[in-house]
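Observations on the model geometry
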Amino acid sequence: MKNEIIIAGFGGQGILSMGKILAYAAMMEGKEVTWIPSYGPEQRGGTANCTVIISEEEISSPILSEFDTAIILNQASLSKFEKALKPGGILIYDPSAIIEQPQRKDITIYRIPANETAIEMHNPKAFNMLVLGGLLKALPLVKSENVIKALRKTLPERHHHLIPANEEALAKGMDVIQKL
Amino acid sequence: MEEEYVLLKGNEAIAHAAIRCGCDGFFGYPITPQSEVLETLSLEKPWETTGMVVLQAESEVASINMIYGGGASGKRVMTSSSSPGIALMQEGITYMAGAEIPGLIVNVQRGGPGLGTIQPSQSDYNQATRGGGNGDYNTIVLAPASVQEMADFVDLSFELAFKYRNPAMILSDGVIGQMMEKVKLPPFKARLTREQIEERYPWAATGRRSGRTPNIFTSLDLSPVVMEEHNKHLQAKYAEIREKEVRYSTYKTEDAEILIVAFGSASRICKKTIELCREQGIKVGMIRPITLWPFPTVAIRELAKRMKQVFCIEINAGQMVQDVRLAIGDTCPISHYGRMGGMVPTPEEIVNVIKQ
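Fair warning: this is a prediction, and the values are worked out from it, not measured in the lab. (Residues numbered from 1 in each chain as written. Chains lettered and ligands numbered in written order. Predicted model: local features only at pLDDT ≥ 70, side-chain atom pairs only at ≥ 80, totals over all residues. Heavy atoms only, no water.)

**Some points on unusual backbone geometry**
Residue and element names in this part refer to chain B.
- Between Thr-32 and Pro-33 the backbone carries a cis peptide bond, its omega angle lying at 5°.
- Considering the arrangement of structural elements, one finds Pro-33 in the loop between strand S2 (25–28) and helix H2 (36–44).
- Cis geometry is found at the peptide bond from Trp-293 to Pro-294, where omega equals 0°.
- Assignment of secondary structure puts Pro-294 in the loop between strand S12 (291–293) and helix H12 (297–304).
- Phi angles above zero are rare outside glycine, and Glu-100 is one such case at about 55°.
- Residue position: Glu-100 is located in the loop between helix H5 (90–99) and strand S5 (103–109).
- Within the chain, Lys-252 stands out as a residue other than glycine whose phi angle is a positive 50°. (Helix = DSSP H or I, 4+ residues; strand = E, 2+ residues; numbered from the N terminus.)

Below, the structure written as structure tokens:
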């Protein structure tokens, strides 16, 4: 099994870290992974995306034009990547940054109010972990406990007190995602 | 077992591999898309553990001349940069080749010409494989296609550089430098002691003691007679490298009718192209030069004998085509496809080219 994922939105939403954590957790489960960012002159508020590939077998190209899964966190990314989904693919989006709804009928669409939930939780930084939780509910690519293990491995010791909040966000994301 | 793997960017892997392979010093200047090499070294602080020196020099020109000095002292020293920065280093590289000083230069290429873009490219192929500076010389050029190879080629480059007393280059690009993959880092190797350097490299400038002849490093000799002899010696060395150090890999060439020649990140993209072509019954295989200099001329010539068509797929305007043409002459038609200026082709794009 192979899953080719694009995560796209604004710079500052934690897109690149979310992709890294997902890739790290998959690696810990013995899978092959690649993560590649768009590394243009991005900044907070500009567009940012990363491609994550998780596979049982050796991964060929890290560069893709079609995806199995798209996580869309702003309008520009929806316009760009909805059409890049393979038929039967999965699209997850946060309605708070979307003006025009997704149009495709040949894909499965999920909606996650991650932005709204992060505000309710008084923790805007939990946004990306909410989205990751939602993704793992829709598509159990890796076990949640391995995401937490990956956080423990990759975060510097001084940030480890934030792990329980991330764990909570991950679980909350699983609750609030809805299949359309 | 999986615990042995770490998830790293290609640039980060270069830095970790340098610390682990007994590197004595890194001298560099930041530039996108390779800045994580210096960043990672600064975070890892190897000067506190292995004693490796890490210095952000005032410029690329200063960096390469620090490599000249370090290499002349028999030290494993390196620099890294991206295309415009490597262009600035060419004078130092030709001096190193002339004075036979080993050292490692990493080029994480970006689009050109000039300052170009910060996106990936392979358009420094000619510069890397033809020498790049003035005079009749070559650098040993290795082209990694994965984060694992970014790590593995650091020690290999140093081994080759010291074996032949010649600068070696890792020619990577923004794709391999920026992407993360799982990688098994090489085991730690101790830095050489002064005694070990004196014993292994009697040519090195280690400080003259007990009346030995001074070891002098220069690429200048005003006598053309002497300089021609020196050039003959260099050419004999290059001939030996051509004979012994060619490296390449092949992929699904056994039953192939169409051959792709691609290196580095382009070879990764082409692997997917080959999977897609084979789903449609098109028998495509690939040869990937791992050493771009010396080039796998004989291997490509042999493979091309049973092909209907050869495609050079590069992220440039077709620089490797010359070397492939020299290898196979007119025995098989050659086409090129590439993107330029920081644009990267997709696997599907290349499938369409092959189908046409």
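**What about the nonpolar core?**
- One finds Ile-260 and Val-324 of chain B to be the most contacted residues of the largest nonpolar core, which totals 114 residues.
- For this core, the element with the highest residue contribution is helix H7 (residues 147–164) of chain B, accounting for 10 residues.
- Two domains each donate at least three residues to this core, and these are domain 1 (5–184) and domain 2 (248–355) of chain B.
- With 49 residues, the next largest nonpolar core counts Leu-22, Ile-71, Ile-112 and Leu-132 of chain A among its residues. (Core = buried A, V, L, I, M, F, W, Y, C linked by side-chain atoms within 4.5 Å. Buried < 20%, exposed > 50% of the residue type's maximum accessible area, 1.4 Å probe, protein only. Domains from an automatic or database assignment.)

**Looking at the pairing of strand S13 (residues 309–314) of chain B**
Residue and element names in this part refer to chain B.
- Of all the six residues making up S13, six are buried; the element is thus mostly covered by neighbouring parts of the structure.
- On S13, burial covers both faces: Gln-309, Phe-311 and Ile-313 on one face and Val-310, Cys-312 and Glu-314 on the other are all buried.
- In the sheet, S13 pairs with strand S14 (residues 334–338) via five bridges, with the strands oriented parallel. Residue pairing for S14: Phe-311 is matched across the bridge by Ser-335. (Pairing = 2+ DSSP bridges.)

**Concerning the side chain of Ser-146 of chain B**
All names here are of chain B.
- By secondary structure assignment, the location of Ser-146 is in the loop between strand S6 (140–142) and H7.
- Overall, the relative accessible area of 15% leaves Ser-146 in the buried class.
- Only 3.1 Å separates the side chain of Ser-146 from the backbone nitrogen of Glu-149, close enough to count as a polar contact.
- If sequence neighbours within four positions are ignored, Ser-146 has contacts with Ile-176, Met-179, Glu-181 and Arg-268. (Polar contact = N/O pair within 3.5 Å; in protein donor to acceptor, adjacent residues only side chain to side chain. Contact = heavy atoms within 4.5 Å.)

**Some words on the interface of chain A and chain B**
- Counting residues at the interface gives 28 residues for chain A and 28 residues for chain B.
- Here chain A meets chain B over a buried area of about 2300 Å², counting both sides, of which 60% is carbon and sulfur.
- Our count for the contact surface shared by chain A and chain B stands at three salt bridges.
- For Glu-4 of chain A, the salt bridge identified is with Lys-272 of chain B, shortest N-O distance 2.7 Å.
- At the junction of chain A and chain B, the tally comes to nine residue pairs in polar contact (both at pLDDT 80 or more).
- Of all elements in the fold, only strand S1 (2–10), helix H1 (15–28) and strand S2 (32–37) of chain A reach the threshold of two or more residues within the side of chain A that touches chain B.
- Broken down by element, the side of chain A that touches chain B gets its largest block of residues, six residues, from S2 of chain A.
- The class makeup of the residues in the side of chain A that touches chain B is 14 nonpolar, six polar and eight charged.
- Direction of pairing for S2 of chain A relative to strand S8 (residues 180–184) of chain B: antiparallel, over a ladder of two bridges. Paired with Thr-34 of chain A across the strands is Glu-181 of chain B, a residue of S8 of chain B. (Buried area = accessible area lost by both parts, 1.4 Å probe. Salt bridge = Lys/Arg side-chain N within 4 Å of Asp/Glu carboxyl O. Nonpolar A, V, L, I, M, F, W, Y, C, P; charged D, E, K, R; others polar.)

**Points about the packing of H12 of chain B against helix H13 (residues 321–328) of chain B**
Residue and element names in this part refer to chain B.
- Interhelical geometry of H12 versus H13 gives an angle of 65° and a closest axis separation of 8 Å. For the pair H12 and H13, the crossing hand works out as right-handed. When H12 is examined against H13, the residues Thr-297, Ile-300, Arg-301 and Ala-304 are found in contact with a partner set consisting of Val-324, Leu-326, Ala-327 and Ile-328.
- Residues that form the contact of H12 with H13 fall into these classes: six nonpolar, one polar and one charged. (Axes fitted to C-alpha atoms, helices over the stretch in contact; angles between N-to-C directions. Left-handed = near helix turned anticlockwise from the far one by under 90°.)

**Some thoughts on the side chain of Asn-128 of chain A**
- The topology assignment puts Asn-128 of chain A in helix H4 (residues 127–138).
- A distance of 3.0 Å separates a polar atom in the side chain of Asn-128 of chain A from the backbone oxygen of Gly-14 of chain A.

**Quick word on the packing of aromatic side chains**
Residue and element names in this part refer to chain B.
- One pass over the structure, following the stated rule, counts seven aromatic pairs over all chains.
- With centroids separated by 4.8 Å and ring planes inclined at 35°, the aromatic side chains of Phe-162 and Tyr-201 adopt a geometry described as tilted. In this pair, Phe-162 is assigned in helix H7 and Tyr-201 in the loop between helix H9 (194–200) and helix H10 (224–244), connecting sequence segments 39 residues apart.
- Here Tyr-238 and Trp-293 contribute two aromatic rings whose centre-to-centre distance is 5.8 Å and whose plane-to-plane angle is 85°, an arrangement assigned as edge-to-face. Within this pair, whereas Tyr-238 is found in helix H10, its partner Trp-293 is found in strand S12, the two being separated by 55 residues in sequence.
- Take Tyr-238: its relative accessible area is 0%, and that puts it in the buried class.
- Given the relative accessible area of 7%, Trp-293 is considered buried.
- Directly above the aromatic system of Tyr-5 lies the positively charged group of Lys-182, at a separation of 4.5 Å from the ring centroid.
- In this arrangement the basic side chain of Lys-271 is found over the ring face of Tyr-251, its NZ or CZ atom lying 4.9 Å from the centre. (Phe/Tyr/Trp six-rings, centres within 6.5 Å; stacked < 30°, edge-to-face > 60°. Lys NZ or Arg CZ within 6 Å of the ring centre and 35° of its normal.)

**Re the pattern of salt bridges**
- Enumeration over the complete set of coordinates arrives at 29 salt bridges over all chains.
- One salt bridge connects Glu-181 of chain B with Arg-268 of chain B, and the closest N-O pair in it is separated by 2.7 Å. Highlighted residues: Glu-181 of chain B in strand S8 and Arg-268 of chain B in helix H11 (residues 264–279), separated in sequence by 87 residues. For the pair formed by Glu-181 of chain B and Arg-268 of chain B, the shared burial category is buried.
- In this structure, a network of salt bridges that share partners links the residues Lys-2, Glu-4, Asp-68 and Lys-86 of chain A together with Lys-272 of chain B.

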